[in-house]
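Each chain, letter by letter, is given below.
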Amino acid sequence: MTRAIITGTGSALPARCVSNAELAETVDTSDEWIVERTGIHQRYIAAPHETTATLATDAARAALAAAGRVASDVDLIVLATATPDQTFPSSATKVQHALGAGDCIAFDVAAVCSGFLYALQVAENMIRAGSARCALVIGAETFSRILDWDDRATCVLFGDGAGAIVLEASDAPDERGMLASKLHADGTFNDLLFVDGGPSTTGTVGKVRMKGREVFRHAVSKLAAVMEEVLAMADHTADDVAWVVPHQANIRILEATAKKLGLAPDQVIVTVDRHANTSAASVPLALDTAVRDGRIKRGDLLVLEAMGGGFTWGAALVRY
């Protein structure tokens, strides 16, 4: 049976790194306040010439190189983002053109911080169905463009960046690949985490608005539950998991979710301290970081998880 396996990872960050101390020069906050509540020490902010599509392209090139593939091998690009370069066409088509991938399927997926998990399941299903053999699955964001820099409750949390994987069809008789995935959505929580604008409502881009305490409470319970779901779907338990690669929203959420599942803190890949919350980019960024520094190795059992505005949330169990 055809399976979808990860053969390469890549990531890209803007050139400008902004520390908490630098942010405190223009925002009513402090390094101590941010670190205590979020675990964030710095974030990367895109320059005017850096966009979601340029970051996504750089991450895609790195993933292709790691997989030993070239752009012409790609027949599917799924890009998860809440901050596309344009309302249309999709940023995925801009990546396609920049890579020189030629005529291939290319489209965006919008599920905010859960976007990469949604894009991953879409690409996996298309590979299993025979619609593609080699896919680029990308999460990329320039959240700095939709932040209210006078709202210290939100502007300190986010950063820009991109992460990508090459997902390929495999008929090899090993256990690598996507073992289980589960996605959820519940629109009744719209007013807890949202952007107060859009083409069909205000005609503006809008800014991020969030009720942090309520989001935290829902995140811990929903993420723990969906992780248990995918483990049960594949007849595994938390004891089998080598690494959790979570959405990097807040160090407290990461710690609380791991504790709820009985996982050790050192089994959780943490990059929120360096990258902050990069929305759809955070899971593939964290994955690439841990692959490249040698923590994640071939054969490791991984749980990827995320929750974002909507609410949307999901998890995937992957044998790397």
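So, here's what we can say about the structure. None of the values given here were measured: they were computed from a predicted structure.

Observations concerning the packing of aromatic side chains
Move 1: Counted under the stated rule, the structure contains 2 aromatic pairs.
Move 2: When the centroid spacing of 4.9 Å and the interplanar angle of 20° are considered together, the rings of F189 and F311 count as stacked. Highlighted residues: F189 in the loop between β8 (177-185) and β9 (193-195) and F311 in the loop between β12 (301-308) and β13 (312-319), separated in sequence by 122 residues. In this structure, F189 and F311 share a single accessibility class: buried.

Some remarks on the pairing of strand β1 (residues 3-12)
Move 1: Here β1 lies mainly inside the structure; 9 of its 10 residues are buried.
Move 2: When β1 meets strand β7 (residues 160-170), the two strands line up antiparallel, connected through 9 bridges. Looking at β7, one finds that G8 is bridged to V166.

What about helix α7 (residues 212-233)?
Move 1: With 22 residues, α7 should cover 32 Å at 1.5 Å per step; its first-to-last C-alpha distance of 31 Å lies within 8% of that length.
Move 2: The complete set of buried residues in α7 reads V215, H218, A219, V220, K222, L223, A224, V226, M227, V230 and L231.

Side note on the sheet that holds strand β5 (residues 105-109)
Move 1: One open sheet holds the 5 strands; their spatial order is β1-β7-β6-β4-β5, and the pairing between them is mixed. Single-partner strands in this sheet number two, and they are β1 and β5. Across the sheet, the mean angle separating the axes of adjacent strands is 20° when strand polarity is ignored.
Move 2: Of the strand pairs in this sheet, strand β6 (residues 134-142) and β7 are connected by 9 bridges, and their pairing is antiparallel. Opposite C134, over in β7, you have E168 as the bridge partner.
Move 3: Sheet contacts for helix α3 (residues 52-67): β1, β4 (76-80), β6 and β7; angle to β1, the most-contacted strand, approximately 125°.
Move 4: Lying on the sheet, helix α4 (residues 91-99) is in contact with β4, β5 and β6; it crosses β5 at an angle near 140°.

Reading the values: the criteria
- Residues numbered from 1 in each chain as written.
- Predicted model: local features only at pLDDT ≥ 70, side-chain atom pairs only at ≥ 80, totals over all residues.
- Heavy atoms only, no water.
- Phe/Tyr/Trp six-rings, centres within 6.5 Å; stacked < 30°, edge-to-face > 60°.
- Helix = DSSP H or I, 4+ residues; strand = E, 2+ residues; numbered from the N terminus.
- Buried < 20%, exposed > 50% of the residue type's maximum accessible area, 1.4 Å probe, protein only.
- Pairing = 2+ DSSP bridges.
- Expected span 1.5 Å × (residues − 1).
- Axes fitted to C-alpha atoms, helices over the stretch in contact; angles between N-to-C directions.
- Contact = heavy atoms within 4.5 Å.

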